[in-house]
Amino acid sequence: MTEVTLSINLCNMRLSNPTVLASGILGTTKALLKRVAESGAGAVTIKSVSKESREGHHNPTVITYEAGMLNAVGYSNPGVEAACIEYSNLNEVGVPVIASIIGTCTDDFIAVAEGLSASGFSAIEIPLSCPHTPGFGLLSGQGTPKATYEITSAVRRKTNVPIFVKISPNVPEITSIAKAAEDAGANGITAVNSMGPGMVINIESKKPVLGFRVGGVTGDALRPIAVRCVYDVYQAVKIPIIGVGGISTGRHAIEMMMAGASAVGIGTGVYTRGINVFSKVCAEMKQWMIENGYNTINDLVGIAHD
């Protein structure tokens, strides 16, 4: 029988397996992060933190439909000062914890990065690609090569931990944005954020279902787009990629890795398969690798390009 290991080294972070809790899903408290880690995740990402507290969009903020999910939470969070208190003693979580930081301008990103610097995060993720929150991401012009370089380089000067830049599937120049992040000092790329925005209308009430009317599209509908984006980014940069978008099975994870991802983020899959989706995906990956003669995750990364 083939000896299989799922452990990886991701930007000097040692993960027991390549599954990562995506930002915005269950990452609101340290206790929840610990529960996700105990459910099999190799690393976890907190819900995005801004300089000041944010209420976010009004309910409903998340809905499911036949092909996936729409969400427009609006970056609700308690602000950086409260986050420092909540996410103290992160070694108790048991796996690497990634901070997700947001801002409306470069100085905001710097302030949050500095504010969280003493909390012991293993890495920082910078999402410059939200499609549904005014003042952030695509709705503030952050999803361009120029803005990506400016924000990433500014955060790079303030921290020594690995930086991942989370990019959008919506932009035509996705490889240029990934390259700008790499040139600015990013250690990795997270690809991708939700796409859209999209809309679902309740035909009885004759109104959009979401409180914000539109939301980012995730789940099964996003996966083929995400796989293509990872495939393209892999050819453009030399830094590792966390592939995100519709992953809920071991086969999905392997497909994303063959496209070029070194690790995989899971978000909507938590809703569709439960919090144990991480251990389920790992078991399915290991079984496929045994049946097909692969020993390590590195054997899979990027082989669709050969």
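Refer to the structure presented above.
Everything numeric here is computed off the predicted structure, so don't read it as measured data.

1. Description of the packing of aromatic side chains
Turning to step 1, where the next piece is worked out: Taken as a whole, this structure holds three aromatic pairs when the rule is applied.
Turning to step 2, where the next piece is worked out: Ring geometry for tyrosine 75 against phenylalanine 136: centres 5.4 Å apart, planes inclined by 70°, an arrangement best described as edge-to-face. Note that tyrosine 75 is positioned in the loop between strand 6 (68–71) and helix 2 (80–86) and phenylalanine 136 in the loop between strand 8 (123–127) and helix 4 (145–156), a separation of 61 residues in sequence.
Turning to step 3, where the next piece is worked out: Given a relative accessible area of 5%, phenylalanine 136 falls into the buried group.
Turning to step 4, where the next piece is worked out: Plain terms: the ring middles of tryptophan 288 and tyrosine 294 are 5.5 Å apart, the flat faces sit at 15° to each other, and that makes the pair stacked.
Turning to step 5, where the next piece is worked out: For tryptophan 288, a relative accessible area of 18% puts it in the buried group.

2. Topic: the nonpolar core
Turning to step 1, where the next piece is worked out: Core analysis: the largest hydrophobic core is formed by 92 residues, its most contacted members being Val44, Ile101, Ile126, Ile167 and Ile189.
Turning to step 2, where the next piece is worked out: In terms of residue count, the dominant contributor to this core is helix 9 (residues 277–292) (seven residues).
Turning to step 3, where the next piece is worked out: If near-sequence neighbours (up to four positions away) are discounted, isoleucine 126 is found in contact with Ile101, Phe109, Ile151, Thr152, Val155, Ile163, Phe164, Val165 and Lys166.

3. Observations regarding helix 5 (residues 174–183)
Turning to step 1, where the next piece is worked out: Among the residues of helix 5, those classed as buried are Ile174, Ile177, Ala178, Ala180, Ala181 and Glu182.
Turning to step 2, where the next piece is worked out: Considering only its buried residues, helix 5 is in contact with helix 4, strand 9 (163–167), strand 10 (188–191) and helix 6 (223–236).
Turning to step 3, where the next piece is worked out: Phi turns positive one or two residues past the end of helix 5, at glycine 185, with a value near 110°.

About the criteria used
- Residues numbered from 1 in each chain as written.
- Predicted model: local features only at pLDDT ≥ 70, side-chain atom pairs only at ≥ 80, totals over all residues.
- Heavy atoms only, no water.
- Phe/Tyr/Trp six-rings, centres within 6.5 Å; stacked < 30°, edge-to-face > 60°.
- Helix = DSSP H or I, 4+ residues; strand = E, 2+ residues; numbered from the N terminus.
- Buried < 20%, exposed > 50% of the residue type's maximum accessible area, 1.4 Å probe, protein only.
- Core = buried A, V, L, I, M, F, W, Y, C linked by side-chain atoms within 4.5 Å.
- Contact = heavy atoms within 4.5 Å.

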